[in-house]
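Structural description and commentary
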Amino acid sequence: MSIYSVDKLISETRRIASEYRKATGKILPVTPEIAINDAINILKLKPNNDSNSSFDAMMEINNQSLRVQIKGRAVFNEKRQGHRLGQLKLEQDWDAVILVIMNEEFMPQEIYLASRDIILDEISADENENKKGAMTIAKFKIIADLLWTEDAGFIENNIWTNQE
């Protein structure tokens, strides 16, 4: 067992990743782990501790348990177009995707949720998208439900039941 809490380690990871990017212009590949941690803590999800699994956490929506993949994207230049969501594991079992949008300090700004059916419909309908399960952040935001923002907290949208 570590002498540091996971929250302390994630906080330091954010700081180091931000400083590294400022010093080198490169991005450390820590965004996925930070996003998983943030989504689980903010949305009070049940983490999936099986690292060989096709999903990162379980969430309850309308009395139904969903297996969710959690993706994260740090956005450093909002004017730049084409930010992409990481590749989705389309061949594996999962029910929804959560996207955590972070700022240049790797702090969460917005959290979105889209169901597998909506994502698959969008990927199959858009001939310009990568068939391996990638799509732009802008497209994901259009098809997803906004669950949480840094400024407003939880968003009233009649789908989310884990609110306190």
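Along every chain, residues carry numbers that run from 1 in the direction the sequence is written. Given that this is a predicted model, residues contribute local features only at a pLDDT of at least 70 and side-chain atom pairs are listed and counted only at 80 or more, while totals for whole chains, interfaces and linings are drawn from all residues. In computing side-chain properties, one takes all heavy atoms of the structure into account and sets aside hydrogens as well as water.

What follows is about the pattern of salt bridges. In the sections that follow, a salt bridge refers to a side-chain nitrogen of Lys or Arg positioned within 4 Å of a carboxyl oxygen of Asp or Glu. Scanning all chains against the criterion turns up 7 salt bridges. When the shortest N-O distance is used, the salt bridge between Arg15 and Glu12 registers 2.9 Å. You can see Arg15 and its partner Glu12 sitting in helix α1 (residues 6-24), 3 residues apart, about one turn around the helix. Under the scheme applied here, a residue whose accessible area is under 20% of the maximum for its type counts as buried, over 50% as exposed, and between as partly exposed, the area being computed with a 1.4 Å probe on protein chains only. In this structure Arg15 comes out as partly exposed when scored by relative accessible area, which is 44%. We count a stretch as a helix when DSSP gives it H or I for four or more residues in a row; a strand needs E for two or more, and each element gets its number in order from the N terminus.

The distinction between a cavity and a pocket rests on a 1 Å grid over the protein atoms alone: a 1.4 Å probe fits inside a cavity but cannot get out, while a pocket stays open yet meets protein on both sides within 12 Å along at least five of seven lines, and a residue with an atom within 4 Å of a point counts as lining. Grid points are joined across faces, edges and corners, and a volume is the space filled by probe spheres set on the points. Empty space within the second largest pocket amounts to approximately 340 Å³. As for the second largest pocket, its lining consists of 20 residues, and the residues nearest its centre are Thr31, Pro32, Gly72, Arg73 and Gly86. Looking at which element gives the most residues to the lining of the second largest pocket, the answer is strand β3 (residues 64-74), with 5 residues. Ten residues, namely Ala, Val, Leu, Ile, Met, Phe, Trp, Tyr, Cys and Pro, are considered nonpolar, four, namely Asp, Glu, Lys and Arg, are considered charged, and the remaining ones, Gly among them, are considered polar. For the lining of the second largest pocket, a count of residues per class yields 9 nonpolar, 4 polar and 7 charged.

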